[in-house]
Amino acid sequence: MKIKKKPMKIKAPGEGGAAIADRFRLDAPENGKGSKGSTVGKTAAAWAFSLGLVALAVVAGLTWMLYSHLEYLKGV
């Protein structure tokens, strides 16, 4: 697999003061084209929410298990 590199056009150090900043500039999409904003999709949000509920249930179960084990050890 080859990686194709596009040659970068960088201004000479004497031309403009932002030669280094131009290297790290992100390409912004033109007006009207590109994404509609940085939002999260409904499917991804649903997965994250449901897995968060599963994680909460697991933590609650482990907490109950530790507490019941502590109660058992107090009687011994």
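What you see is a predicted model; the values in this text were computed from it and never measured.

Scoring rules and cut-offs
Residue positions within a chain follow its written sequence, with the count starting from 1. Residues qualify for local features only when their pLDDT is at least 70, as the model is predicted, and side-chain atom pairs are given and counted only at 80 or more; totals for whole chains, interfaces and linings, by contrast, use all residues. In computing side-chain values, all of the structure's heavy atoms are included and hydrogens and water are not. Put simply, DSSP marks the helices as runs of H or I at least four residues long and the strands as runs of E at least two long, and each gets a number from the N terminus on. Here, Shrake-Rupley sampling with a 1.4 Å probe gives the accessible areas, and only protein chains in the shown set may cover a residue. Put simply, a patch holds well-exposed residues, over 30% relative accessible area, that have no salt bridge, with like charges counted together within 9 Å and Val, Leu, Ile, Met, Phe, Trp or Tyr side chains within 5 Å. Only one rule defines a salt bridge in this text: a Lys or Arg side-chain nitrogen within 4 Å of an Asp or Glu carboxyl oxygen. Throughout, exposure labels follow a simple rule: accessible area from a 1.4 Å probe, protein chains only, divided by the maximum for the residue type, with under 20% read as buried, over 50% as exposed, and the rest as partly exposed.

Asks: What exactly am I supposed to notice about the overall build of the protein here?
Replies: Secondary structure assignment for the protein yields two helices and zero strands. As presented, the protein carries roughly 8000 Å² of accessible surface, and 66% of it is formed by carbon and sulfur atoms.

Asks: Would you take a moment to explain a nonpolar patch on the surface for this structure?
Replies: Residues Trp47, Leu51, Val54, Val58, Leu62, Trp64 and Met65 make up a contiguous nonpolar surface patch of roughly 800 Å² in combined accessible area. Within the fold, tryptophan 64 resides in helix α2 (residues 42-75). Classification of tryptophan 64 as exposed rests on a relative accessible area of 60%.

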